[in-house]
Amino acid sequence: MPRHNKTARNDAEILQGTLDLLILKVAALQPIHGYGIVQRLQQISNEALQIRQGSLYPALYRLENQGWLKAEWKTTDGGREAKYYRLTKAGRQQLEAETAGWKRLCDAISLVLETGE
Amino acid sequence: MKWSAWFNRRRWEGRMDTEFQFHLDSQISDYVRKGLSQEEAELRARREFGPPELAKDECRDQRPVEWLDHFLRDLRYACRSLRRSPGFAAAAIITLALGIGANTAIFSVVYAVLLKPLPYSEPEQIYSVEVVIPERRSQFASLPVTVQAYLEWRKANTAFAAMSALSRWECSLTGDGEPELLGGARVSTNFFSFLGVPIERGRGFSIEEEQPGNERVVVISDALWRRRYGANPALIGRAINVNGESHIVVGIAPPSLLVPTGTLLHPLIAFAPQIDLWKPIAVTQRELKNESWDHGLLVRLRPGGNREQGRHQLQAILNALVRAQVPDIKTELIPELVPIREIYAGKVRLRLLLVLGASGLLLLIACTNIANLFLARVASRAGEFATRIALGAGRARILSQTLTETSVLAILGGTLGAVIAQYGTGLLAAHGPDDVRLLADTQLNLPVFLFATTVSLVTGIICGVFPAWQTYRKDASRSLHEGARTAFRGSRTVRFCQILVGVEMALGTALLASAGLLLHSFVRVMRVDRGYQIERVLAVDLSLFGQRYSTGESRVEFYRELPGNVRALPGVLAAGAISDLPASSGSSGASRTIFFATDTNFQSLVLARPVAMIRSVTAGYFAASGSALRAGRFFTDHEDVPVSLISESLANRLWPRETPAAAVGRTIRQGDVTGPLIAVAGVVEDVRPGGADRELPPVIYRPHDQWASGPMTLVVRTSQEPAALGPAVRSEIRKLDPNLPIPAIRTMREIVSASVAQRRFQMVLTSLFAFVALLLGAVGIYGVVSYSVACRTREIGLQIALGAMRIDVMRWVFSHGVQPVLIGLLVGLGGAIAIARALRSLLFEITPTDPVTLGSVLLVLLLTSALACYLPARRAARLDPMAALRHE
């Protein structure tokens, strides 16, 4: 069930909002556990994106509560229990919305920066 | 899902740990695989992960059940803060509990007695018939019906679907154990089907059983069946011995059967307080010849029938019947239809509504008090709120905390209130006067409980949460600077609290004054000269039956012998018997028109002459009862010619403007102009019947051997504690007749006390409410005055430092506290007088503006409020000026 979307965030939370977007994007490919998400983010961004790994989990839990991610416990190839996150339908819509929003923001910022030159 | 998540909190934590551990382990093994040493890998993985406890905390914040945690935190906080101010908490909880409890209990009873449908089929169609003789109205507001009228109505009317008559029946039950004197009723054979109450065991009566000779059948009560016959189903069809004659038990009435008892049906028909046997009315030829107004009659209107049309029809039939017997009579009898609800509730309605009103006022006072307490509390915490707001607490958090605190109080108060209500309802149902007890069940009325709880709760929320919200709207930093006192003390809050105290005092005064008037009336009723002694007198009801007493002489002999034997007992001063004890609430003996010796025309005079109650007495009765002789003499053991003693009021009606002495020696006739001449031997003082608040009835006393009656009451006057003589009196009766049932021997004080049960019930309850109101009012004054003193501590300290005398400080505090009280008193007094006017019928020998009562009420209120002001005033006067100036 899609929850109320709290898009109005203050400055300090922009990073967090970005993290949410990245998590959703990574989880959209396939069910994945927390460590996998960190690996994938570093891999895709060529180690450019460094996050405090511990702060990933509160974000995951929040997204799960908002109904955008669904978690399942599965056994890994190594035979250990791990929690896999999967994007829900609502999550997919949210991903699209946030991606669009992000793009608009980037365009706007670029426009400002270019005009300023 | 959310709840299970909370309850599985430990599991949840465990899973979070597993997840984190998996992350670290994976990272470590990845680093190891890349060539780092185990130690280095661990160090690096931990550094990159960051402090795990921080992450855990942040995760916990995301848990879906966070609000529950908040709630629990608020709950803990509320409990802690309430524990810190136990005075406030106790006052609020007790106020809530009393308001909720008292109202729920009273309303539960009021609902059961006044509102709940009676347990009959279509009870709203059932009426009781009474007859009004306009010429007799001053003496009898109405009369029951005669058996002739009942039979004629039943035959000729078309407006009513059914009719059912009932009359009293004294039952002495013998065999199968101790002889017992029980209450019974003769009823029409259709009685049970008329009410729509099916007999579950056995059957009701059949129409054939109203033929004389077939009527020796009884239906007995469920209570009697269980108590005396051990609920034996084989009793049906068996014979039992009632009044020395064998009767077949045909059915057992259901336990829930409700029938009119006592004088509920009509003041002139006194049934027993409990009816255990019913027998068909089988009208004999002899009964048809005698006209006696002693039957109750219930009628059931046809569906859709018109009450007024039915009444008209009854009137036409009745007056045709009267004209057929007494052709020239110049009166028109008026039958009246009284809804059956009135029978049960009519006499208690005003009293119950009064008590309900009192408890409603109490609820209002309770709410006012709660408002007061909460306002003062919020004001005193304004500083605390301001601090917390400055520290970043959100409005929602402040509100939810205040709300939680209010809810905690409401739940505690409500729970205590439910206990009080449950206990109180039972108490009321068990100890109320008979007519309340009959209908009241001990069921707590849940909707009312919820209503009272909601009212108090809403009051609490409005008074607790609203000001807290207001605090928040103010500029937090300013409040913080100015301190609690100016931000909220605001003379506005004090002023508002004072207004509340004024309202509380007004309500309390009204309640206290009403209670005072009822209390004073009660004292007067108990003190009034009743025309008989109350102290050191015993009474026991006796009912002779069976072959042994088939002749009048044998009965006369019994009542001559018994008082003689009892008088011989040590400690007995006098003993005698009377047919209707004036103190018992239902006096229903026969009554007759009294004619002068010279009267000859019955038809023209019957409505012009007074009607007197006839009481049959033995020679020793007056010595035992202590009634005073005004003129003439009492009876002797052997009167040769027909004689009588008349009451003062009868003498007055017969010979107005003459002294009682003038009546002595004159002759009268009783019942008819052709009856024997009866000499007036003397005039005795009037006696007050039952509850003492009814009019003095004219009475004619006849010697027992000249006017034999059915049941008699033996009255014994003793020189010592009367109850101690009970067993001796009992054994004297046993000696004379071992088969005679002997009911409880009661002292006259007990009988009188029972006869004022209604008055006491309502007086005690109203006084109780008034007392509680007084207490709450005192708490309210104390709270407000203490609060205003606390707010002005610095100011007072400054004044003392500048040389103000302590007495000045006290005077200032007093004037502050007493001002709203005085205004409240005046308003309340006006209200009390208005209430008392509406309740005039409940007052006895005092006016609604009785100065003694109102004066004492004022005094009590002033003293109480002075005391409530004195304590904080003294505290203010003893302030150390230096400490006060440094205050906050």
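Residues numbered from 1 in each chain as written. Chains lettered and ligands numbered in written order. Predicted model: local features only at pLDDT ≥ 70, side-chain atom pairs only at ≥ 80, totals over all residues.

A. The arrangement of the overall build of chain B in detail. Secondary structure summary: chain B contains 29 helices and 21 strands in total. In terms of overall size, chain B is more extended than a compact globule, its C-alpha atoms giving a radius of gyration of 38 Å where 888 residues would be expected to give roughly 29 Å. Counting only C-alpha atoms, chain B reaches 135 × 80 × 60 Å along its principal axes. Taking all contacts inside chain B whose residues are at least 6 apart in sequence as the whole, residues at least 24 apart take part in 83%. (Helix = DSSP H or I, 4+ residues; strand = E, 2+ residues; numbered from the N terminus. Rg over C-alpha atoms; globule rule 2.2 N^0.38 Å. Contact = placed C-beta atoms within 7 Å.)

B. View of the overall build of chain A. Looking only at helices and strands, chain A features 4 helices and 3 strands. Starting at the N terminus and ending at the C terminus, chain A contains elements arranged as α-β-α-α-β-β-α. Expressed as a percentage of its 117 residues, the buried residues of chain A come to 27%. For chain A, the share of sequence-separated contacts (at least 6 apart) that also reach a separation of at least 24 residues comes to 52%. (Buried ≥ 20, exposed ≤ 12 C-beta atoms within 10 Å, placed from the backbone.)

C. Highlighting helix H25 (residues 757-791) of chain B. Under the 1.5 Å per step criterion, the end-to-end length of H25(B) is 50 Å for 35 residues, consistent within 8% with the ideal 51 Å. With respect to burial, H25(B) is a largely interior element, 26 of its 35 residues being buried. (Expected span 1.5 Å × (residues − 1).)

D. The arrangement of the sheet that holds strand S2 (residues 69-75) of chain A in detail. Residue and element names in this part refer to chain A. Read across the sheet, 3 strands follow the order S1-S3-S2 without closing on themselves; strand pairing throughout is antiparallel. Pairing within the sheet leaves two strands with one partner each, and these edge strands are strand S1 (32-33) and S2. The pairing of S1 with strand S3 (residues 81-87) spans 2 bridges and is classified as antiparallel. Residue pairing for S3: His33 is matched across the bridge by Tyr84. (Pairing = 2+ DSSP bridges.)

E. How the structure looks around the interface of chain A and chain B. Each partner contributes to the interface: chain A provides 15 residues, whereas chain B provides 17 residues. Counting residues per element, the ones that place at least two in the side of chain A that touches chain B are helix H2 (34-44), helix H3 (56-65) and S3 of chain A. Per-element tally for the side of chain A that touches chain B: the top contributor is H3(A), with 5 residues. Per-class residue counts for the side of chain A that touches chain B are 5 nonpolar, 5 polar and 5 charged. (Nonpolar A, V, L, I, M, F, W, Y, C, P; charged D, E, K, R; others polar.)

F. Spatial organisation of unusual backbone geometry. Residues and elements named next belong to chain B. Positive phi values are uncommon outside glycine, yet Glu122 reaches one of about 40°. Not every positive phi belongs to a glycine, and Arg657 is a case in point at roughly 65°. Within the secondary structure, Arg657 sits in the loop between helix H21 (648-654) and helix H22 (660-663). For Arg657, a count of 6 C-beta atoms within 10 Å puts it in the exposed group.

G. Spatial organisation of the pairing of strand S3 (residues 180-187) of chain B. All names here are of chain B. With 8 bridges connecting them, strand S2 (residues 160-174) and S3 associate as antiparallel partners. Bridged to Leu173 within S3 is Glu180. Two successive antiparallel strands, S2 and S3, enclose a turn made up of 5 residues, where Gly175 displays a positive phi of approximately 80°.

H. Region of the structure containing the nonpolar core. Residues and elements named next belong to chain B. Ranked by size, the top nonpolar core spans 160 residues in total, and within it Leu362, Leu511 and Ala773 carry the most contacts. Looking at which element gives the most residues to this core, the answer is helix H12 (residues 340-380), with 21 residues. Counting residues in each nonpolar core, the second largest holds 64 residues, with Phe558, Ala619, Phe622 and Leu645 among its members. (Core = buried A, V, L, I, M, F, W, Y, C linked by C-beta atoms within 7 Å.)

I. A look at the packing of H3(A) against helix H4 (residues 52-61) of chain B. Their axes nearest at 8 Å, the elements H3(A) and H4(B) cross at an angle of 15°. Between H3(A) and H4(B), the crossing angle belongs to the class labelled roughly parallel. Seen along the crossing, H3(A) lies across H4(B) with a hand that is right-handed. Contacts between H3(A) and H4(B) involve Tyr57(A), Pro58(A) and Tyr61(A) from the first element and Ala55(B), Glu58(B) and Cys59(B) from the second. When its residues are assigned to classes, the contact of H3(A) with H4(B) shows 5 nonpolar, no polar and 1 charged. (Axes fitted to C-alpha atoms, helices over the stretch in contact; angles between N-to-C directions. Parallel < 35°, antiparallel > 145°, perpendicular 65-115°, else oblique. Left-handed = near helix turned anticlockwise from the far one by under 90°.)

J. Fine view of the pairing of strand S1 (residues 126-132) of chain B. All names here are of chain B. Across the 7 residues of S1, 6 count as buried, placing the element largely inside the fold. In this sheet, strand S9 (residues 296-301) lies alongside S1 in antiparallel orientation, the contact comprising 3 bridges. If you follow Tyr127 over to S9, its bridge partner there is Val299. Alignment of S1 against strand S10 (residues 334-339), held across 6 bridges, turns out to be antiparallel.

K. Highlighting the packing of helix H2 (residues 9-33) of chain B against helix H3 (residues 38-49) of chain B. All names here are of chain B. In the contact formed by H2 and H3, the axes pass within 8 Å of each other and the chain directions differ by 135°. What the angle tells us is that H2 and H3 run oblique. By crossing handedness, the relation of H2 to H3 is classed as right-handed. For the pair formed by H2 and H3, the contact residues are His23, Leu24, Gln27, Ile28, Tyr31 and Val32 on the first element and Gln38, Ala41, Glu42, Arg44, Ala45 and Phe49 on the second. Among the residues making up the contact of H2 with H3, the classes are represented as 7 nonpolar, 3 polar and 2 charged.

L. Structural detail: the domain arrangement of chain B. Split by domain assignment, chain B resolves into domain 1 (2-64), domain 2 (68-120 + 347-473), domain 3 (134-332), domain 4 (504-526 + 752-888) and domain 5 (544-740). A straight line from the C-alpha centre of domain 1 of chain B to that of domain 4 of chain B covers 67 Å. (Domains from an automatic or database assignment.)

M. Region of the structure containing the confidence of the model for chain A. Taken as a whole, chain A shows an average pLDDT of 78; of its residues, 81% reach a score of 70 or greater. Looking at the elements of chain A, mean pLDDT is at its lowest for helix H1 (residues 14-29) of chain A, recorded as 78, and at its highest for S1(A), recorded as 90. (pLDDT = per-residue confidence, 0-100.)

N. Structural view of the environment of Pro144(B). Residues and elements named next belong to chain B. Locating Pro144 in the fold gives a position in the loop between S1 and helix H7 (147-156). Owing to 26 C-beta atoms within 10 Å, Pro144 belongs among the buried residues under this scheme. Taking the C-alpha atoms as reference points, Pro144 and Leu353, 209 residues apart in sequence, are found 28 Å from one another. Residues contacting Pro144, with those up to four places away along its chain left out, are Glu130, His266, Leu268, Ile269, Trp293, Asp294, His295 and Gly296.

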